[in-house]
Amino acid sequence: MSTDDAYDPKFGEYGGQYVPEALMPAIEELTDAYQRYVLENEDGFMDEFRERLADFGGRPTPLQYADQLSTRYDTDVYLKREDLLHGGAHKLNNALGQVLLAKYMGKERIIAETGAGQHGTATAMAAAHLDMPCEIYMGETDIARQRPNVFRMRINGSEVNPVTVGRGTLKEAISETMRDWATTVENTHYVIGSVVGPHPFPKMVRDFQAVISEEAREQAIEKTGGLPDSVLACAGGGSNTMGTFAHFVDDSDVDLYAVEAGGSSLRVDEEEGVAPNSATLSTGDEGVLHGARTKLLQDSDGQIMESHSVSAGLDYAGVGPELAHLVDEDRVIPVNVDDDAALEAFHRLSQDEGIIPALETAHAFGYLEEHHDEVGDTVVVNVSGRGDKDLETVIEETSKRDLDIAPDMSIFERVGGGGL
Ligand SMILES: *Cc1c(COP(=O)(O)O)cnc(C)c1O
């Protein structure tokens, strides 16, 4: 796994620990815990983590040959099935790792933020599994938009704290969780949801997610006798991307594609402070957000812009500092796919392979559709999550468009009812 120094907070010029003084003791305590338990396996922490990932999470997830897509693209396409992990997405790898770490650190309370609710539900599951009290901060707007995930968190026994400041979305929820942590560090661990935030979170979350590429690399060698030419993963904050890339980074012949949300357009409305996309790696500029220096969607005054994507999980104005660094180093290729192409890819994977992907995941397949002649003879695509959570959005967004591939939903006009 990582050969990194737990005490080096930077990835080139990115990363760091831009936090208020009150948070520094917590950050330092966490850095020590990361070094001891994660990097040195003190008290057998990593052994227990792996055992729980297997028994509770269902690891290893398969690397599956995609028959139809391989024929369609005349390329061997392999799917890393993180959608089959307990909870239906890669997020459990990180949530379970951090909640377990909190236990080893002697903490008695878990807090986390969530946007669309996916990280909140993963954390609530992990907290229930490990018998830890858990509170999730979530913007009011998001609570209204994501009711099923709010139910899941409550049903697993977590509190959900509504955040009313600002637009009531992810950015405000993160700030609010950091405020809680600053006054409760003694007994509380903050489970951050992606490879973002102050050091050591980006490295630690990457290491928990790196199990994806550790398995995928071995599975690819076993199935094909060698390494793939390319690896594709969608990027929001970047945790599934970093997890999918980690064990391939030193394989310089393997091309790594981070697929971001192109939204409705790459054009930015400076007046309104809105970027109709979340293509941070391709279009962002350097700045500081949530404790780290990284690439951000910001206006010329340095104000963070509102981002957009049809997939809530990619809709974030920042990105992990290590991913930003790997892009600057030309090791990771940043690309993007717009809402229309992602929706089309959602329907294609569902029809051709019998896998309904998360809308986030669909972006990676949208890229494959448009650029399959550039990715070589063997490609691994990470299926970061399943799409059950997105059905309502997909029906609504599909009905606004004229997609040849979309199924005919007029059955509801005949039998009454309608929608989902
Ligand atoms: C949350 C989520 C993402 C984006 O988050 P990353 O930190 O970039 O991995 C991607 N896919 C799915 C299914 C998600 O739930």
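Reading the values: the criteria
- Residues numbered from 1 in each chain as written.
- Predicted model: local features only at pLDDT ≥ 70, side-chain atom pairs only at ≥ 80, totals over all residues.
- Heavy atoms only, no water.
- Helix = DSSP H or I, 4+ residues; strand = E, 2+ residues; numbered from the N terminus.
- Rg over C-alpha atoms; globule rule 2.2 N^0.38 Å.
- Buried < 20%, exposed > 50% of the residue type's maximum accessible area, 1.4 Å probe, protein only.
- UniProt positions renumbered as here; feature names shortened; annotations may be inferred.
- Contact = heavy atoms within 4.5 Å.
- Pairing = 2+ DSSP bridges.
- Axes fitted to C-alpha atoms, helices over the stretch in contact; angles between N-to-C directions.
- Phe/Tyr/Trp six-rings, centres within 6.5 Å; stacked < 30°, edge-to-face > 60°.
- Expected span 1.5 Å × (residues − 1).
- Core = buried A, V, L, I, M, F, W, Y, C linked by side-chain atoms within 4.5 Å.
- Domains from an automatic or database assignment.
- Salt bridge = Lys/Arg side-chain N within 4 Å of Asp/Glu carboxyl O.

1. What about the overall build of the protein?
Item 1. Check the secondary structure of the protein and you find 17 helices and 14 strands.
Item 2. On C-alpha atoms alone, the protein measures out to a radius of gyration of 20 Å, which is about the 22 Å that the 2.2 N^0.38 rule sets for 420 residues.
Item 3. Principal-axis analysis of the C-alpha atoms places the extent of the protein at approximately 55 × 50 × 45 Å.
Item 4. Counting across all 420 residues of the protein, residues that qualify as buried make up 58%.

2. Remarks on the UniProt feature "modified residue: N6-(pyridoxal phosphate)lysine" (unreviewed entry) in the protein
Item 1. Here the UniProt feature "modified residue: N6-(pyridoxal phosphate)lysine" (unreviewed entry) sits at Lys91.
Item 2. The contact partners of lysine 91, leaving out residues within four places of it in the chain, are Gln118, His119, Ala122 and Gln209.

3. Some thoughts on the pairing of strand S12 (residues 292-296)
Item 1. Counting buried residues in S12 gives four out of five residues, a clear majority hidden from the surface.
Item 2. Two elements, strand S11 (residues 285-289) and S12, share five bridges in a ladder whose sense is antiparallel. Residue pairing for S12: glycine 287 is matched across the bridge by threonine 294.
Item 3. Following S11, the chain reverses through two residues before pairing antiparallel with S12; histidine 290 in that reversal takes a positive phi of roughly 50 degrees.

4. What to know about the sheet that holds strand S10 (residues 255-263)
Item 1. Pairing in this open sheet of six strands is mixed, and the strands run S3-S4-S14-S9-S10-S13 from one edge to the other. Two strands bound the open sheet, and with one partner strand each, they are strand S3 (63-65) and strand S13 (332-338). Direction aside, the axes of adjacent strands within the sheet are offset by 25 degrees on average.
Item 2. As paired strands, strand S9 (residues 230-234) and S10 are joined by five bridges and run parallel to one another. The residue bridging cysteine 234 from the neighbouring strand is valine 259, located in S10.
Item 3. Where helix H10 (residues 211-224) meets the sheet, its contacts fall on S3, strand S4 (76-80) and strand S14 (378-382), and the angle it forms with S4 comes to roughly 145 degrees.

5. A closer look at the packing of aromatic side chains
Item 1. The tally for this structure, following the rule as stated, stands at eleven aromatic pairs.
Item 2. An aromatic cluster is defined as three or more aromatic residues linked by ring pairs; in this entry it consists of Tyr37, Phe45, Phe49, Tyr104 and Phe208.

6. Things to note about helix H1 (residues 24-39)
Owing to its 3.6 residues per turn, the α-helix brings residues three or four apart onto one side.
Item 1. Between the first and last C-alpha of H1 there are 21 Å, a value that for 16 residues agrees with the 22 Å anticipated at 1.5 Å per step.
Item 2. Every buried residue of H1 is accounted for by Met24, Ala26, Ile27, Leu30, Thr31, Ala33, Tyr34, Gln35, Tyr37 and Val38.
Item 3. Positioned one or two residues after H1, asparagine 41 has a phi angle of 55 degrees, which is positive.

7. Considering the nonpolar core
As a rule of thumb, nonpolar side chains are buried together in soluble globular proteins.
Item 1. Among the nonpolar cores identified, the biggest contains 83 residues, and Phe45, Phe49, Leu101, Trp181, Phe245, Leu323 and Val332 are the most heavily contacted of them.
Item 2. Here this core takes eight residues from H1, the largest share from any one element.
Item 3. Domain assignment of the residues forming this core places at least three in each of domain 1 (18-56 + 91-205) and domain 2 (63-87 + 210-400).
Item 4. Excluding residues that lie within four positions of it along the chain, leucine 101 makes contacts with Leu30, Ala33, Tyr37, Val38, Phe45 and Met204.
Item 5. Grouped together as the second largest cluster of nonpolar side chains are 30 residues, Ala66, Val77, Leu343 and Ile355 included.

8. Describing the UniProt feature "domain: Tryptophan synthase beta chain-like PALP" (unreviewed entry) in the protein
Item 1. Per the UniProt record, "domain: Tryptophan synthase beta chain-like PALP" (unreviewed entry) is found at residues 57-385.
Item 2. The span residues 57-385 is 40% helical and 20% strand by assignment, and the distance between its end C-alpha atoms comes to 14 Å.

9. Thoughts on the pattern of salt bridges
Item 1. Applying the stated criterion across every chain yields a total of 26 salt bridges.
Item 2. We note a salt bridge from arginine 81 to aspartate 83, for which the minimum N-O separation is 2.9 Å. Across the pair, exposure class does not vary: arginine 81 and aspartate 83 are buried alike.
Item 3. For aspartate 340, the salt bridge identified is with arginine 401, shortest N-O distance 2.5 Å. With aspartate 340 in helix H14 (residues 339-353) and arginine 401 in the loop between helix H16 (391-399) and helix H17 (411-415), the pair connects residues that are 61 residues apart, well separated along the chain.
Item 4. In this structure aspartate 340 comes out as partly exposed when scored by relative accessible area, which is 38%.
Item 5. When salt bridges with common partners are traced through the structure, they connect Arg59, Lys80, Glu82 and Glu215 into a single cluster.

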